[in-house]
Amino acid sequence: PDDALLQEAMRRAGNVVQPVVGTPNSPNRTRRGEPVEFERFLKPLPGFIGASVALGHANFLPGEDGSVRTAPLVVRSQGEDMPSLALAAAAVYLRRPAAQEISPREGIFPFAGRSIPVDGWQRMVINYLGPPSEPGKPSTLLAVPFVDVLRGKAAADLFFDKLVLVGVMATG
């Protein structure tokens, strides 16, 4: 019964973007000019997909030294292209019809009237704005503990006209 309530709330909100994960997290090698390819996507249950306005992948691929410096804007599995969660969320926020409206060309991923520089596998370099966010500490991006939202301790105007990501804080 709780799933139905959450799905209805997601439909009413009309702006929920759900994550998808390409597995295994060691993608297949692809030809230059093609997106990174995974064997399969792990997706939300069908009722949650139907209640969402978009889906986006949440895969990050560390380099040989374990650091994440690039983000694939699109990944592929079994012929299905999936935009990144960030790209899908930005498309919803900007009221774009889709995250990928025009096919990418060598070195450029067109999005919302802009040209995002990418490598041959449609990965963009991440421009970190500052250190990772930690609840209760000053940071580049605001992190609000979910329990504060549930208990009414977080002002509603914190979230007005903002992209809000709900998830687990992970470090490392």
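Residues numbered from 1 in each chain as written. Predicted model: local features only at pLDDT ≥ 70, side-chain atom pairs only at ≥ 80, totals over all residues. Heavy atoms only, no water.

Student: Please set out the sheet that holds strand β6 (residues 74-77) residue by residue, giving values where relevant.
Tutor: Taking strand neighbours across the sheet as the criterion, the 3 strands line up as β2-β6-β7 in an open arrangement whose pairing is mixed. On the outer flanks of this sheet lie β2 (36-38) and β7 (80-83), each paired with one strand and no other. Across the sheet, the mean angle separating the axes of adjacent strands is 35° when strand polarity is ignored. Where β6 and β7 come together, 4 bridges link them in antiparallel fashion. Paired with Arg76 across the two strands is Asp81, which belongs to β7. (Pairing = 2+ DSSP bridges. Helix = DSSP H or I, 4+ residues; strand = E, 2+ residues; numbered from the N terminus. Axes fitted to C-alpha atoms, helices over the stretch in contact; angles between N-to-C directions.)

Student: I'd like to hear about the pattern of salt bridges, residue by residue, with values.
Tutor: For the coordinates displayed, the defined rule picks out 8 salt bridges. One salt bridge in this structure joins Arg76 and Glu34, with 2.4 Å as the shortest N-O distance. On the criterion of sequence distance, the pair formed by Arg76 in strand β6 and Glu34 in the loop between β1 (17-23) and β2 is long-range, its members being 42 residues apart. Given the relative accessible area of 18%, Arg76 is considered buried. Arg69 is the salt-bridge partner of Asp65, the closest N and O atoms lying 2.8 Å from each other. (Salt bridge = Lys/Arg side-chain N within 4 Å of Asp/Glu carboxyl O. Buried < 20%, exposed > 50% of the residue type's maximum accessible area, 1.4 Å probe, protein only.)

Student: Which residues make up helix α3 (residues 85-93), and what are the values?
Tutor: Note on helix geometry: an α-helix contains 3.6 residues per turn, so any two residues three or four positions apart are oriented the same way. All of the buried residues along α3 are Leu87, Ala88, Ala89 and Ala91. Against β1, β4 (54-57), β7 and β8 (108-111) lie the buried residues of α3. (Contact = heavy atoms within 4.5 Å.)

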